[in-house]
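Commentary on secondary and tertiary structure
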Amino acid sequence: MGFRKGSEGPSFFDLFSQQAANLVSGAALLASILDASTQERVALRDHLHEIEHQGDEINHRIAQLVNQTFVTPFDREDLGAVASCLDDCMDFIDEAGDLIVMYGIENIPAPVHSLVAEQIDIIARCADQTAHNIPALKSPLDLRDFWVELNRLENEGDLTYRRALTATFDSGADPITIIKLKDLVEVLEEATDAFENLASRIETIAVKES
């Protein structure tokens, strides 16, 4: 028997909150991977994969709940889109951690390392904001400060991304290393873009509810 609104089992908002909490854990692991030794990175990456898989399972449960619930708190399309946006954020965090390990990215030139760390810090702040605010999604009109802040962080991320790309090409590293670093910088930018997409979707829900 499927979950119904008001029945036992996690609500949409419970599941969204679980997804958001996973983003905080994922961002923290990504920061650890960047500065870990080669041996430590593999274990950290594997843990990050586990969190990403948990996110996939939650996303699947939300899809099931959308299909099995007669009366949903918002449009079904919006509920699915919020889950998908949260999942995208986690996917890009996981991909960034995987690239660091698979590419064997080590001895990053100091200016590039500093900017990559800054990109990851912006992602972590996006994740913290999301975990703090998503439980209040029941009242989307109250989340204006949240989506404004995510947009501000994404703009900060854009600037850091451009600086990181410039630093990468100016680093004097060999061409293969430059390609690896460029891929990493771009995936981190995609992660911040994913948070902006989440902000846009929540703003859309708020407009509909107004």
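Cut-off values and rules
- Residues numbered from 1 in each chain as written.
- Predicted model: local features only at pLDDT ≥ 70, side-chain atom pairs only at ≥ 80, totals over all residues.
- Heavy atoms only, no water.
- Helix = DSSP H or I, 4+ residues; strand = E, 2+ residues; numbered from the N terminus.
- Rg over C-alpha atoms; globule rule 2.2 N^0.38 Å.
- Contact = heavy atoms within 4.5 Å.
- Disulfide = S-S within 2.5 Å.
- Buried < 20%, exposed > 50% of the residue type's maximum accessible area, 1.4 Å probe, protein only.
- Salt bridge = Lys/Arg side-chain N within 4 Å of Asp/Glu carboxyl O.
- Axes fitted to C-alpha atoms, helices over the stretch in contact; angles between N-to-C directions.
- Parallel < 35°, antiparallel > 145°, perpendicular 65-115°, else oblique.
- Left-handed = near helix turned anticlockwise from the far one by under 90°.
- Nonpolar A, V, L, I, M, F, W, Y, C, P; charged D, E, K, R; others polar.
- pLDDT = per-residue confidence, 0-100.

Things to note about the overall build of the chain
Helix and strand counts for the chain stand at six helices and zero strands. Its helices and strands in sequence order give the chain the pattern α-α-α-α-α-α, from N to C terminus. Taking 17 Å as the expected radius of gyration for a compact globule of 210 residues, we find that the chain reaches 18 Å, a close match to that expectation. Seen along its three principal axes, the alpha-carbon backbone of the chain occupies a region of about 60 × 35 × 20 Å.

What about the side chain of Asp87?
Counting through the fold element by element, Asp87 comes out in helix α3 (residues 76-102). What Asp87 contacts, discounting residues up to four positions off in sequence, is Gln19, Gly55, Asp56 and Asn59.

Comments concerning the environment of Leu181
Counting through the fold element by element, Leu181 comes out in helix α6 (residues 175-209). Considered as a pair, Leu181 and Leu99 are 82 residues apart in the sequence and their alpha carbons are 9.3 Å apart. Those residues in contact with Leu181 that sit more than four places away from it in its chain are Ile105, Ile108, Pro109, Val112 and Thr168.

Some points on the state of the cysteines
In a disulfide, the sulfur atoms of two cysteines are covalently bonded to one another. In the structure shown here, the tally under the stated rule is zero disulfides. Not engaged in a disulfide, the cysteine Cys85 finds its nearest cysteine sulfur in Cys89; these two sulfurs lie 6.9 Å apart.

Concerning the environment of Phe146
With respect to the helices and strands, Phe146 occurs in helix α5 (residues 144-169). Accessibility expressed as a relative area gives 2% for Phe146, which makes it buried. As for Phe146 and Ala43, which are separated by 103 residues in sequence, their C-alpha atoms are 33 Å apart. Apart from the residues within four sequence positions on either side, Phe146 is in contact with Gln129, Thr130, Asn133, Leu198 and Ile202.

Quick word on the pattern of salt bridges
All chains considered together, the criterion is met by eleven salt bridges. The partner of Arg201 in a salt bridge is Asp78, with the nearest N and O atoms 2.6 Å apart. Of this pair, Arg201 sits in helix α6 while Asp78 sits in helix α3; the two residues are 123 residues apart in sequence, bridging distant segments of the chain. Among the residues examined, Arg201 registers a relative accessible area of 21% and is labelled partly exposed. Asp78 serves as the salt-bridge partner of Lys208, at 2.9 Å between the closest nitrogen and oxygen. Pair noted here: Lys208 is in helix α6 and Asp78 is in helix α3, with a separation of 130 residues, a long-range link. On the basis of relative accessible area, Lys208 is assigned to the partly exposed category, the value being 42%. The exposure class assigned to Asp78 is buried, which follows from its relative accessible area of 1%. Here the salt bridges do not stand alone but share partners, grouping Asp121, Arg125, Glu149, Arg152 and Glu156 into one network.

Observations concerning the packing of helix α4 (residues 110-133) against α5
When two helices pack together, their arrangement is given by the angle between the helix axes and the distance between those axes. In contact at an axis separation of 9 Å, α4 and α5 are set at 165° when each is read in the N-to-C sense. Considering their axes alone, α4 and α5 lie roughly antiparallel with respect to each other. Handedness of the α4/α5 crossing: left-handed. For the contact of α4 with α5, the per-class residue count stands at eleven nonpolar, seven polar and six charged.

Focus on the confidence of the model for the chain
Within the chain, residue pLDDT values average 93, and 96% of them lie at 70 or more. Considering each helix and strand of the chain separately, the mean pLDDT is smallest for helix α2 (residues 38-68), with a value of 95, and largest for α4, with 98. Note on residues 1-7: pLDDT is under 50 here. Beyond four places in sequence and across chains, it has 13 contacts.

Here's the deal with the packing of α3 against α6
Contact geometry of α3 with α6 gives a least axis separation of 9 Å together with a crossing angle of 165°. With respect to α6, the element α3 is oriented roughly antiparallel. In the crossing of α3 with α6, the sense of the turn from one axis to the other is left-handed. When the residues that make up the contact of α3 with α6 are grouped by side-chain class, the tally is 17 nonpolar, one polar and eight charged.

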